[in-house]
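Now for the letters of each chain:
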Amino acid sequence: MPSLDRSSAPAKLLRRATVVLRRLAFEADMLLGTLLSPNKVIAEVEQMRALQRRADRIEATDPARAAALRWHASRVGLR
């Protein structure tokens, strides 16, 4: 193994660890936010269900619009 690779290995490991810790912190923050605001989650689920029901009703007459409604339903919780 060249000496350049050996000297950069700890730096790469540190960068990876930093990325992993940031992701973990983000996920923990999202979980905590969800646990502290259950009404928001319930409202989002109700909104998604309403969009899905509308899509189901118009599927036969307007499949493109139904697909668009389903796409919007899938994006509700990501805002």
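Our structure is the block above this text.
Remember, predicted model here, so these are calculated numbers, not experimental data.

S.K.: Looking at this structure, how should I read the nonpolar core?
M.R.: The tendency in soluble globular proteins is for nonpolar side chains to be buried as a group. Membership of the largest hydrophobic core is limited to six residues, which are Leu51, Ala55, Ala66, Leu69, Ala73 and Val76. For this core, the secondary structure elements donating two or more residues are α2 (38-58) and α3 (63-75). Alanine 55 has contacts with Ala66, Leu69 and Arg70, leaving out every residue within four places of it along the chain.

S.K.: How do you make sense of the pattern of salt bridges when you look at a structure like this?
M.R.: Note that side chains of opposite charge can pair when their charged atoms are close. Counted according to the given criterion, the structure contains two salt bridges. When the shortest N-O distance is used, the salt bridge between arginine 70 and aspartate 56 registers 2.7 Å. Taken together, the residues arginine 70 in helix α3 and aspartate 56 in helix α2 connect sequence positions 14 residues apart. The class of arginine 70 is partly exposed, set by a relative accessible area of 27%. Note on aspartate 56: relative accessible area 52%, which makes it exposed. The partner of glutamate 59 in a salt bridge is arginine 70, with the nearest N and O atoms 2.5 Å apart. With glutamate 59 in the loop between α2 and α3 and arginine 70 in helix α3, this pair connects stretches of sequence that are eleven residues apart. One connected set of salt bridges, linked through shared partners, spans Asp56, Glu59 and Arg70.

S.K.: Before we go on, may I ask you to explain the packing of α2 against α3 in this structure?
M.R.: The relative placement of two packed helices comes down to the angle between their axes together with the axis-to-axis distance. Axis separation between α2 and α3 bottoms out at 8 Å; the angle between their running directions is 170°. In terms of orientation, α2 and α3 fall into the roughly antiparallel class. Counted together, Met48, Leu51, Gln52, Arg54, Ala55, Asp56 and Ile58 of α2 and Pro63, Arg65, Ala66, Leu69, Arg70, His72 and Ala73 of α3 form the full contact between these two elements. Classifying every residue of the contact of α2 with α3 by side-chain character gives eight nonpolar, two polar and four charged.

Calculation notes
Position numbers for residues count from 1 along each chain, tracking the sequence in the order it is written. Two thresholds apply to this predicted model, a pLDDT of at least 70 for residue-level local features and 80 or more for giving and counting side-chain atom pairs, whereas whole-chain, interface and lining totals are computed over all residues. Only hydrogens and water are set aside when side-chain values are computed; all heavy atoms of the structure are taken into account. To form a nonpolar core, buried Ala, Val, Leu, Ile, Met, Phe, Trp, Tyr and Cys residues must be joined to one another through side-chain atoms within 4.5 Å. Here the term buried applies to any residue with accessible area under 20% of the maximum for its type, exposed to any over 50%, and partly exposed to those in between, with areas from a 1.4 Å probe on protein chains only. Numbering of helices and strands runs from the N terminus; a helix is a DSSP stretch of H or I covering at least four residues, while a strand is a stretch of E covering at least two. Any two residues whose heavy atoms approach within 4.5 Å at even a single point are treated as in contact. Salt-bridge detection follows one rule: a side-chain nitrogen of Lys or Arg within 4 Å of a carboxyl oxygen of Asp or Glu. Axis lines are fitted through C-alpha atoms, for helices just across the contact stretch, and the angle between N-to-C directions can take any value from 0 to 180 degrees. Here is the rule for angles: anything less than 35 degrees is roughly parallel, anything more than 145 is roughly antiparallel, 65 through 115 is roughly perpendicular, and the remaining ranges are oblique. Gly is placed with the polar residues, together with every amino acid not listed as nonpolar (Ala, Val, Leu, Ile, Met, Phe, Trp, Tyr, Cys and Pro) or charged (Asp, Glu, Lys and Arg).

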